[in-house]
Amino acid sequence: MRLLLMGAPGAGKGTQAVFIKNAYNIPHISTGDMFRSAIKNATPLGIMAKSYIDKGLLVPDSVTIGLVKERLSEADCIGGFILDGFPRNLFQAEELDKILAELGVKLDACLNIDVDQKVLTDRIVGRRVCPKCGASFHIENLKPQVEGICDYCGAELIQRKDDTLETVTPRLEVYNTSTAPLLDYYKKQGILKCVDGEGEVEQIFANILKALGEKND
Ligand code: AMP
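What you see is a predicted model; the values in this text were computed from it and never measured.

Draft legend 1. Just a negative patch on the surface, in detail. On the surface, a cluster of negative charge is made up of Asp114, Asp116, Asp196 and Glu198. Of note, Asp114 is situated in strand β4 (residues 109–114). The partly exposed category is assigned to Asp114, whose relative accessible area is 45%.

What follows is the structure, given as structure tokens:
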């Protein structure tokens, strides 16, 4: 399964990616996670990326595309992958097509998790994430069993620096202007599948499995 996971910030991509990864036994490649890891390790890439991420802006294409190209060329991606957070604009989508052509593979699906814009802000601001295993929780809608602790690996949960009210607005704006038009791009390729991203996490995952099992248009 070679899958693109699309959806606005707060749509639940990270939460569902963990389930999909386990169901298909394929790596979850999140450009956001790659940048956050670089920031944590204070690498030159991290220092550069931070200045964009903290403002809710996209990291420059040249850097992001190079990073994805390198990651997709690694051995564990041969049997498939989930790409989460990339591409985020038309140029990245066209470059991804070139990378995949060079690797001699094709995408099986572009899965869009659809959530009403009004719900997104609340989801983002209340989100808490595990810095160790990447699992996502919510202070009201998806509480961990023990407050502040990851259910899966026991690490202490954190709030992402860009999950603040201040940064949500530019992030949603960037999504609406640059990323949302990509849905049409993948619809034209006949691989777009959409699922409703509101409701119980398990039900959304069941709908995702059903959508991925259906034939492309
Ligand atoms: P995410 O975890 O996917 O919400 O990404 C967090 C932040 O990382 C985004 O708001 C961007 O600043 C940056 N980022 C992640 N993926 C990309 C991408 N494909 N292109 C440019 N910037 C990205």
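Following the structure, the description resumes.
Draft legend 2. Focus on helix α5 (residues 90–103). Here α5 spans 20 Å end to end across 14 residues, near enough to the 20 Å set by a 1.5 Å rise per residue. Buried within α5 we find Gln92, Ala93, Glu95, Leu96, Ile99 and Leu100. Angular distribution of buried residues about the axis of α5 spans 165 degrees; they occupy a single face of the element. For α5, the exposed residues lying more than 90 degrees away from the buried face are Ala101 and Glu102. At its buried positions, α5 is contacted by β1 (2–6), α4 (61–72), β3 (81–84) and α8 (182–188). Where α5 terminates, the next one or two residues include Gly104, which has phi positive at roughly 75 degrees.

Draft legend 3. Structural view of the sheet that holds strand β7 (residues 192–196). Here we have 5 strands laid out as an open sheet, ordered β2-β3-β1-β4-β7, and parallel in their pairing. A single partner strand is all that each edge strand has here, and the edge strands are β2 (28–30) and β7. On average, adjacent strands in this sheet sit at an angle of 25 degrees to one another, irrespective of strand direction. Pairing between β1 and β3: 4 bridges, direction parallel. Counterpart to Leu3 in the pairing with β3 is Ile82. On top of the sheet, helix α2 (residues 31–40) reaches β2 and β3; it is set at about 65 degrees to β2, its chief contact.

Draft legend 4. Spotlight on the nonpolar core. Formed by 45 residues in total, the largest nonpolar core has its most connected members in Leu72, Leu83, Leu96, Leu111 and Tyr186. A total of 5 residues in this core trace back to one element, the largest contributor, which is helix α9 (residues 201–213). Those residues in contact with Leu83 that lie beyond four places of it in its chain are Leu3, Leu4, Leu5, Ile29, Val68, Leu72 and Leu96. Core analysis: the second largest hydrophobic core is formed by 6 residues, Cys130, Ala135, Cys150 and Ala155 among them.

Draft legend 5. Local environment of the side chain of His138. Tracing the sequence through the fold places His138 in strand β6 (residues 136–138). For His138, a relative accessible area of 7% translates into the label buried. Here the side chain of His138 touches Asp122 through a polar contact of 3.1 Å, landing on its backbone oxygen. Among all residues touching His138, those that are not within four sequence positions of it are Asp122, Arg123, Gly126, Arg127 and Lys143.

How each quantity is defined
Residues numbered from 1 in each chain as written. Predicted model: local features only at pLDDT ≥ 70, side-chain atom pairs only at ≥ 80, totals over all residues. Heavy atoms only, no water. Patch = residues over 30% accessible without salt bridge, like charges linked within 9 Å, V, L, I, M, F, W, Y side chains within 5 Å. Areas by Shrake-Rupley, 256 points an atom, 1.4 Å probe, with all protein chains shown as cover. Salt bridge = Lys/Arg side-chain N within 4 Å of Asp/Glu carboxyl O. Lys, Arg positive; Asp, Glu negative; His and termini not counted. Charge placed at Lys NZ, Arg CZ, Asp CG, Glu CD. Helix = DSSP H or I, 4+ residues; strand = E, 2+ residues; numbered from the N terminus. Buried < 20%, exposed > 50% of the residue type's maximum accessible area, 1.4 Å probe, protein only. Expected span 1.5 Å × (residues − 1). Arc of directions from axis to C-beta. Contact = heavy atoms within 4.5 Å. Pairing = 2+ DSSP bridges. Axes fitted to C-alpha atoms, helices over the stretch in contact; angles between N-to-C directions. Core = buried A, V, L, I, M, F, W, Y, C linked by side-chain atoms within 4.5 Å. Polar contact = N/O pair within 3.5 Å; in protein donor to acceptor, adjacent residues only side chain to side chain.

Shape descriptors only; they carry no functional weight alone.
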